[in-house]
Amino acid sequence: MMPILFAALQDAAVTAPAPALRAGLTVPLVLLVLLPLLGFVINGAIALAGPDSVLRRGGTDSTTARNPVVTVVGPGVLLASFAVAVSIFLKMRSLGAGAAGPLDAPLVVTFARWMPVGNLAIDWSLQLDQLSILMALVITGIGSLIHLFSIGYMRDDASYARYFAYLNLFVAFMLVLVLGGSYPVMFVGWEGVGLASYLLIGFWFGEKANVEAGKKAFVVNRVGDFGFLVAMFLIWVTTQQLDYVGAHAALGAMAGSPVVLAIALFLFLGCAGKSAQLPLYIWLPDAMAGPTPVSALIHAATMVTAGVYLVARAAPIFAGAPEASLVVTAVGALTAVFAATIALRQWDIKKVLAYSTVSQLGYMFMAVGSGAYTAGVFHLVTHAFFKALLFLGAGSVIHAMHHAYHQTHRRDDPQDLRNMGGLAKFMPATAVAMTLATLAIAGVPPLSGFFSKDEILSSLFARAQGSPLASASLLGIPGHTVLYAAYGLGVLTALLTAVYMTRMLMLTFGGSNRTGEAEQGALHEAPGIMTAPVLVLALLTVIGGWLNLPALIPIGPVGTLDAWLAPVTGASAARLGGTAHLDHNTELLLVGIAVVVGLVGILFGVLRYRAPIADKAHSPEDTGLLANAYRVDGMVDALIVRPFRGLADVILGRGVETGIDRAFSAGGTMLIRTAAFMGEKLQDGDVGKYAWMLAAGALALIAALTLS
Amino acid sequence: MIAEALIVSAILFVIGVVGVLTRRNAIILFMCAELMLNAVNLSFVALAKLHNVTGQVFVVMVMCIAAAEAAVGLAIVISVFRHFGTVNLSELRTLRG
């Protein structure tokens, strides 16, 4: 099978760059996607055959659930995939990434025709360029670490094999999403990660709340997917093409037309769903019902950034619709500050991180909306580092808390910050790593978050000062006002971020322990297989900023990522940003503001949350507006879910149930009963009547024969 | 000659049919059925004269079957009488649906 496949690949149609390049990259490109898929097949087979299989019923001895094959295959395929991604990246690098190089145009590999309908011809194709390989590196790299972490975290879970099967499936689809060569192929990955996300949110489907959370994520994402689909239809109707290269070329020539604006807005609706932006963010906090490594991989580092990737991928479309770009910026800014305020008063450690993720995604959208695609992608990468670290660290904490409560048979909430406190003493490595991540997300130099956040804020400011985007307007509001407002909200968000992250850190690791006297003895650092990935991520969190150092702080190679992504997004960025540039003093001032805001936030957090608090059992229920996330869920329930349910009740309940059902079920019995009644009268046992019928029949037969 | 024979045959047959349809006594019904058979026999014989001898052969066969049928049929009638105490078909309606 495999040799045949590869032989076919050799003949596969490949456009653009030099033939020598494609020969060397086609096979690795396919391997990159197929390896996790292979892992899914193997682990899925083991899961189906295993004692935890959904095909079998009844309980299982959890200690026997862990299959060594799964332990090797699950993370193994990811590591192999990462190695392939690295080899592709190194090869691309050796070819030279600069303009007019062999990689100036993307490498598109077409494998087979997928949907030939009339003049619609959609192919299975992968596109390799600087952006997609960067995403692939992040996905497989962080994915590998999280797979390794999962070995420890899911050690005692009965559904160990099923877990890795889903996780592998997710990575495979995520790679299809970022490597797909056309919008429909991306959509396959887009829906696939949605499926994997749904499966993993509801992973512990024994509890109804988890299933509900999975369903919510799926349904809310449908709204966004509708936007994506409509955008694809519009692209097709307008350009008769759906592959990136062709469609972008055609749409780029139509810049400024209403249809391009419509396409961009519908695409952004898709992004808002997948990347949890206002008003479609409501599914992400609930998605924390899944296992914590899943939250780290899917709901923080990779899947939720797909929207940011899509905007960067469709940069030529957004660059041709400045109003849509302003919408992206505005929604991103509002989401960033909105979610950050909610995060200020969440008690569940994962909820804090979830709202933080929503907020940071808003940051990324601010950047890509303003045409600072590199800044957005840069923050995507650094955020993947430190947010994955934060989630994995939270996973270690929850793991320790869970075991402590398990040992003393106490039923309490292992995720509630009020039950933690003073954990630094018990889990020093995790505490150090999470502190680093907190400093990074708060924007303390020279950690990665500082550089990416600063780049977003300064590019927003630069574009507000003067750029084609600032000259556009959104609903009568001039572009520069929107951009200045976004910058202001960005700074405010930075302050809030520093506060709520410090709060989380202080409540988790600082002060005295509130877990309980008996439980304290059982609190311990996570096993090595869990702390090692956390520490690797901590290293990445520290050095991640070197990916794209600003010219202002030349402590290493400057603007690496800028140069790397230039062939993909450079032209679009220039179209929106023009020659927006900050003079040296302004730039210094902006950096100063960002640092001061971050430090003030941290200081405030430390002072404010130093005081001891009561544990959860001794705390009154928090009924504050922020603790309940502005009661948005209740509003959505009242405004959308319940009216919808009522409507369904009327149409389906009254209309279908009593109407159609009765017509078919009751009507059916009536028909049969009538027929039975007539049949009964025909054979009432009176032989004389039978004789009459016989004679009548004979006569009728004779008549029919004679007359014909 | 043949025409007269066929007319007599038809009259006999109709008497048999009307008897079967109107009477309720099993024995009479039985005899009416025999009458119909014999009416058919008569037309067989008459038509055999017109065509060939096959009609006469059929008559012999019909008489054989009528004899067998009479034997079985009368036996049934007797056992019906023993079981129900009557041979009036209007009263024998145990099988009604």
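What counts as what
- Residues numbered from 1 in each chain as written.
- Chains lettered and ligands numbered in written order.
- Predicted model: local features only at pLDDT ≥ 70, side-chain atom pairs only at ≥ 80, totals over all residues.
- Helix = DSSP H or I, 4+ residues; strand = E, 2+ residues; numbered from the N terminus.
- Buried ≥ 20, exposed ≤ 12 C-beta atoms within 10 Å, placed from the backbone.
- Contact = placed C-beta atoms within 7 Å.
- Rg over C-alpha atoms; globule rule 2.2 N^0.38 Å.
- pLDDT = per-residue confidence, 0-100.
- Pairing = 2+ DSSP bridges.
- Nonpolar A, V, L, I, M, F, W, Y, C, P; charged D, E, K, R; others polar.
- Core = buried A, V, L, I, M, F, W, Y, C linked by C-beta atoms within 7 Å.
- Axes fitted to C-alpha atoms, helices over the stretch in contact; angles between N-to-C directions.
- Parallel < 35°, antiparallel > 145°, perpendicular 65-115°, else oblique.
- Left-handed = near helix turned anticlockwise from the far one by under 90°.
- Expected span 1.5 Å × (residues − 1).

Asker: Where do I start with the overall build of chain A in this structure?
Answerer: Scanning chain A from terminus to terminus reveals 26 helices and five strands. Projected onto its principal axes, the C-alpha positions of chain A cover 115 × 70 × 60 Å. Evaluated residue by residue, chain A yields a buried proportion of 52% over its 708 residues. A fraction of 81% describes how many contacts in chain A between residues 6 or more apart in sequence connect residues 24 or more apart.

Asker: How should I be thinking about the overall build of chain B in this particular structure?
Answerer: Secondary structure summary: chain B contains three helices and zero strands in total. Reading the helices (α) and strands (β) of chain B from amino to carboxyl end gives α-α-α. Taken against the 2.2 N^0.38 rule, which gives 13 Å for 97 residues, the C-alpha radius of gyration of chain B at 16 Å runs more than 25% over that of a compact globule. Once the C-alpha set of chain B is aligned to its principal axes, its extents read approximately 50 × 25 × 20 Å. The buried share of chain B, taken over its 97 residues, is 12%. Excluding contacts between residues fewer than 6 apart, the proportion of contacts in chain B whose partners are at least 24 apart in sequence is 50%.

Asker: Even after reading the chapter, I still don't get the confidence of the model for chain B, so can you show me in this structure?
Answerer: Detailed reading of the predicted model is not advised wherever pLDDT is low. When the pLDDT values of chain B are averaged, the result is 89; 97% of them are 70 or greater. Here the complex is predicted with pTM 0.79, and the ipTM for its interfaces comes to 0.77.

Asker: What's the story with unusual backbone geometry in this structure? I'm lost.
Answerer: Trans peptide bonds make up the majority, and among non-glycine residues the majority have a negative phi. Residue and element names in this part refer to chain A. Look at the link from L278 to P279: it is a cis peptide, with omega at -5°. Considering the arrangement of structural elements, one finds P279 in the loop between α9 (258–274) and α10 (283–286). Here the amide bond leading from P445 into P446 is cis, since omega sits at 0°, within 30 degrees of zero. Summarising the element assignment, P446 is placed in the loop between α17 (428–442) and α18 (448–465).

Asker: Looking at this structure, how should I read the environment of A:T481?
Answerer: Relative to the assigned elements, A:T481 resides in helix α20 (residues 479–509). In this structure, the C-alpha to C-alpha distance between A:T481 and A:L280, residues 201 residues apart in sequence, is 25 Å.

Asker: Can you help me understand the pairing of strand β3 (residues 120–128) of chain A in this one?
Answerer: Regular strands place their side chains on alternate faces of the sheet. Residue and element names in this part refer to chain A. Inspection of the sheet shows strand β2 (residues 107–117) paired to β3 by nine bridges, in the antiparallel sense. Of the residues in β3, the one forming a bridge with V117 is L120. In this antiparallel pair of consecutive strands, β2 and β3, the connection spans two residues, and G118 shows a positive phi of 60°.

Asker: I would appreciate a short explanation of the interface of chain A and chain B in the present structure.
Answerer: Put simply, an interface is often sized by how much accessible area is lost when its parts join up. With ten residues of chain A in contact, the opposing surface of chain B contributes eleven residues. The residue makeup of the side of chain A that touches chain B, split by class, is four nonpolar, three polar and three charged.

Asker: Hey, could you run me through the environment of A:T438 in this one?
Answerer: All names here are of chain A. Positionally, T438 belongs in helix α17. As for T438 and Q465, which are separated by 27 residues in sequence, their C-alpha atoms are 31 Å apart. Every residue in contact with T438, bar those within four places of it in the chain, is listed here: M501, T502 and L505.

Asker: Please clarify how the nonpolar core should be interpreted in this entry.
Answerer: It is characteristic of soluble globular proteins that their nonpolar side chains tend to be buried jointly. Among the nonpolar cores identified, the biggest contains 234 residues, and A:F170, A:L175, A:L267, A:A388 and A:L389 are the most heavily contacted of them. Looking at this core, the element that brings in the most residues is helix α16 (residues 373–408) of chain A, giving 21 residues. Once you skip the residues sitting within four places of it in the chain, A:F170 turns out to touch A:V193, A:A196, A:L200 and A:I298. In this structure, B:V20, B:A26, B:L29 and B:C32 belong to the second largest nonpolar core, which totals six residues.

Asker: For this particular structure, what's the right way to read the packing of α9(A) against helix α14 (residues 322–343) of chain A?
Answerer: Residues and elements named next belong to chain A. Running from N to C, α9 and α14 point in directions that differ by 20°, and their axes come no closer than 9 Å. Considered as vectors, α9 and α14 are oriented roughly parallel to each other. Relative to α14, the crossing made by α9 is right-handed. Touching L261, A264, L265, F268 and A272 of α9 are E323, A324, V327, V328 and V331, all from α14. Across the contact of α9 with α14, the residue classes tally to nine nonpolar, no polar and one charged.

Asker: Sorry, what's going on with the confidence of the model for chain A here?
Answerer: All names here are of chain A. When the pLDDT values of chain A are averaged, the result is 87; 94% of them are 70 or greater. Within the model, the stretch residues 1–16 combines pLDDT values under 50 with 19 contacts to residues more than four positions away or in other chains. Here residues 56–64 scores under 50 on pLDDT; set against residues more than four positions off or in separate chains, the count is eight contacts.

Asker: What exactly am I supposed to notice about helix α2 (residues 26–50) of chain B here?
Answerer: Along an α-helix, a turn takes 3.6 residues, which lines up residues three or four apart on a common side. Residue and element names in this part refer to chain B. Taking 1.5 Å as the rise per residue, α2 with 25 residues should run 36 Å; its terminal C-alpha atoms sit 37 Å apart, in good agreement. All of the buried residues along α2 are A26, L29, C32, L37, A39, N41 and S43. Buried residues in α2 make contact with α1 (2–22) and α3 (54–84).

Asker: Could you clarify how one ought to interpret the packing of helix α11 (residues 292–301) of chain A against helix α15 (residues 349–369) of chain A in this entry?
Answerer: Helix packing for two helices is described by the angle between their axes and how far apart those axes are. Residues and elements named next belong to chain A. At a closest axis distance of 11 Å, the pairing of α11 and α15 adopts a crossing angle of 5°. As far as their axial angle goes, α15 and α11 are roughly parallel. Where α11 abuts α15, its residues T292, S295, H299 and A300 lie against K350, A354 and T357.

Asker: Before we go on, may I ask you to explain the environment of A:G479 in this structure?
Answerer: Residues and elements named next belong to chain A. Turning to its location among the elements, G479 is positioned in helix α20. The buried category is assigned to G479, around which 24 C-beta atoms lie within 10 Å. Spatially, the C-alpha atoms of G479 and H584 are 24 Å apart, while their sequence positions differ by 105 residues. For G479, the residues in contact, after removing those within four places along its chain, are P322, L326, L469, A470, S471, A472, S473 and L474.

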